Amino acid sequence: MTSRSAELGRKPESPQRAAFLELFFDLVFVLALSQLSRGLSQDLSWSGALQALVLLLALCWVWVHTAGLTDIFDPQRPQVQLVVTASMLGALVMAAVAPQAFGTRGLVFAGTYLVIQSGRGLFIVLVLRGQDQRRLYLRVLFWTGVSALPWIAGAVAQDSARRILWTLAVAADYASSTLRWPTPGLGRAPASEFVIASGHLAERYRQFFIIALGELILVTGLAFSGGGLGADRSAALVVSFATTALLWRIYIYRAGEVLGTAIGAARDAVRVGLPMTYAHVIMVGGIVLTAVGQELVIAHPLAHRRSAWTAVILGGPALFLVGRALFEYAVFARVSRDRPIGLLVLAAMTPAMLLLPPLPAATAATAVLTGIAVADANRARGRLPEPPSPLGGPA
């Protein structure tokens, strides 16, 4: 290890806790997720959903790679703090222009994204000079360059062409990581190049989930403060808060509690880390949808039914359960029956919910989540806590 990387690197004996700098960085994503939910609520269409998905994937990828940076390097070092703070500024710009990213500010969004990703990658490559792990980030930089082509081309294109090109760009970003960044002359990244501080990374992902729930609380509170205190709106507030609490309870039990242990115990930590990353992106997507649904429920609890409203009210919890099932599979190599059962119940009730106002539909979704939380509690009663059994088996 070179003296420079040894100086900046996270020491094995260091506490695996997130630094205040990382929590400060996370604050940007309250705004980012709020912007996405607001934009989607204003354009509840298939094209609006695709646009929100592309922006969410890009913003989440910035967060994921910044979390990876502070998992390798000590966030107390000034150089690392500078990179994280610069990434925070870039993420703030992306969040601010997100509502117009598919309009007049596409080049700002895409350009800022590429500057963040390539700048961070160059920093790591320079610091890790002479180390085997440097090859991993050379691969990442190569694929950042590959995805830059559709990002920039999409930024100068219009309408459907931009949607197609940016979809290809985020697909390249995520698919390359799944394939471990296969690069000419370097091949795919072996497991030995991934150095993970399991406790720290697990805490970062739990904090990211809490930040997403914070955005849900923010949207709920703002929606309720914008109108009267009638019985229907008050009931909608209670249902919305109950949904938020249930999402937290289902997330943390039991995979959320033992995530760090699962990563540390895995023979190949990447086989846990990648599904864990994608699971959190899916769950956060579910929370964004849920935020849109809760805003609609509080603003129009007994309004005339609309199919798009029902889709987001039920679709948010459903998407969360999909991500939560993947998360559980990564940690325990199995999925509890109540997750797929909950998805089936949500799907089965959809035709009936299409005939009802938003508040009954939201109440039904909350009842499904309550059933899953109760099933979790019953399964745990009188039993020893289940140890993690990560994908690929123990080390």
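Scroll up a little and you will see the structure.
Residues numbered from 1 in each chain as written. Predicted model: local features only at pLDDT ≥ 70, side-chain atom pairs only at ≥ 80, totals over all residues. Heavy atoms only, no water.

## A closer look at the overall build of the chain
Point 1. Of the regular secondary structure elements, the chain holds 14 helices and zero strands.
Point 2. Starting at the N terminus, the α and β elements of the chain follow one another as α-α-α-α-α-α-α-α-α-α-α-α-α-α.
Point 3. The C-alpha atoms of the chain give 21 Å as radius of gyration, which agrees with the globular expectation for 395 residues (21 Å, within 12%).
Point 4. Each principal axis of the C-alpha distribution contributes one length, and for the chain these read about 65 × 60 × 35 Å.
Point 5. Going through the 395 residues of the chain one by one, you find that 53% of them count as buried.
Point 6. Considering only contacts in the chain between residues 6 or more positions apart, those separated by 24 or more positions represent 80%.
Point 7. Taken as a whole, the chain presents about 16,700 Å² of accessible surface, with 67% of it coming from carbon and sulfur.
Point 8. Charge-centre separation for the chain: the mean point of 32 positive side chains lies 3 Å from the mean point of 21 negative side chains. (Helix = DSSP H or I, 4+ residues; strand = E, 2+ residues; numbered from the N terminus. Rg over C-alpha atoms; globule rule 2.2 N^0.38 Å. Buried < 20%, exposed > 50% of the residue type's maximum accessible area, 1.4 Å probe, protein only. Contact = heavy atoms within 4.5 Å. Areas by Shrake-Rupley, 256 points an atom, 1.4 Å probe, with all protein chains shown as cover. Lys, Arg positive; Asp, Glu negative; His and termini not counted. Charge placed at Lys NZ, Arg CZ, Asp CG, Glu CD.)

## Here's the deal with the packing of helix α3 (residues 46-72) against helix α7 (residues 159-178)
Point 1. Their axes nearest at 10 Å, the elements α3 and α7 cross at an angle of 40°. As the angle between them shows, α3 and α7 are arranged oblique. Where α3 crosses over α7, the handedness of that crossing is left-handed. Between α3 and α7, the contacting residues are Ser47, Leu50, Gln51, Val54, Leu55, Leu57, Ala58, Cys60 and Trp61 on the first element and Arg163, Trp166, Thr167, Val170, Asp173, Tyr174 and Ser177 on the second.
Point 2. Looking at the contact of α3 with α7 residue by residue, the classes come out as 10 nonpolar, four polar and two charged. (Axes fitted to C-alpha atoms, helices over the stretch in contact; angles between N-to-C directions. Parallel < 35°, antiparallel > 145°, perpendicular 65-115°, else oblique. Left-handed = near helix turned anticlockwise from the far one by under 90°. Nonpolar A, V, L, I, M, F, W, Y, C, P; charged D, E, K, R; others polar.)

## Quick word on the pattern of salt bridges
Point 1. By the definition in use, this model includes 16 salt bridges.
Point 2. The salt bridge partner of Arg17 is Glu203, with a shortest N-O separation of 3.0 Å. Of this pair, Arg17 sits in the loop between α1 (3-8) and α2 (20-42) while Glu203 sits in helix α8 (residues 198-225); the two residues are 186 residues apart in sequence, bridging distant segments of the chain.
Point 3. Residue classification places Glu203 among the buried residues on the basis of a relative accessible area of 12%.
Point 4. Of the charged contacts in the structure, one is a salt bridge between Arg339 and Asp338, with a shortest N-O distance of 2.6 Å. (Salt bridge = Lys/Arg side-chain N within 4 Å of Asp/Glu carboxyl O.)

## Considerations on the nonpolar core
Point 1. With 125 residues, the main nonpolar core has Phe29, Phe73, Phe109, Phe123, Trp151, Trp166 and Phe327 as its most contacted residues.
Point 2. If one sorts the elements of this core by residue count, helix α11 (residues 269-299) sits on top with 17 residues.
Point 3. For Trp151, the residues in contact, after removing those within four places along its chain, are Val54, Ala58, Phe109, Ala110, Tyr113, Leu114, Trp166, Ala169, Val170 and Asp173. (Core = buried A, V, L, I, M, F, W, Y, C linked by side-chain atoms within 4.5 Å.)

## Some thoughts on a nonpolar patch on the surface
Point 1. Taken together, the side chains of Leu31, Leu89 and Leu92 define a hydrophobic patch exposed on the protein surface, amounting to about 250 Å² of accessible area.
Point 2. Tracing the backbone shows Leu31 in helix α2.
Point 3. Leu31 gets classed as partly exposed once you look at its relative accessible area, which sits at 34%. (Patch = residues over 30% accessible without salt bridge, like charges linked within 9 Å, V, L, I, M, F, W, Y side chains within 5 Å.)

## Quick notes on unusual backbone geometry
Point 1. The residue after Tyr253, namely Arg254, is reached through a cis peptide bond having omega -10°.
Point 2. You can see Arg254 is positioned in helix α9 (residues 231-256).
Point 3. Look at Asp159: it is not a glycine, yet its phi comes out positive at around 50°.
Point 4. Position of Asp159 relative to the elements: it lies in helix α7.

## Some thoughts on the environment of Leu222
Point 1. The topology assignment puts Leu222 in helix α8.
Point 2. A sequence separation of 76 residues divides Leu222 from Ile298, and the C-alpha atoms of the two residues are 9.8 Å apart.

## A word on the packing of aromatic side chains
Point 1. The full count for this structure, using the stated rule, is 17 aromatic pairs.
Point 2. For the ring pair Phe25 and Phe29, a centre distance of 5.4 Å and an interplane angle of 55° mean the geometry is tilted. On the criterion of helical spacing, the pair formed by Phe25 and Phe29 is a turn pair, its members being four residues apart in helix α2. The burial state of Phe25 is the same as that of Phe29; both residues are buried.
Point 3. Relative to Phe123, the ring of Phe73 lies with its centre 5.9 Å away and its plane at 70°, an arrangement referred to as edge-to-face. (Phe/Tyr/Trp six-rings, centres within 6.5 Å; stacked < 30°, edge-to-face > 60°.)

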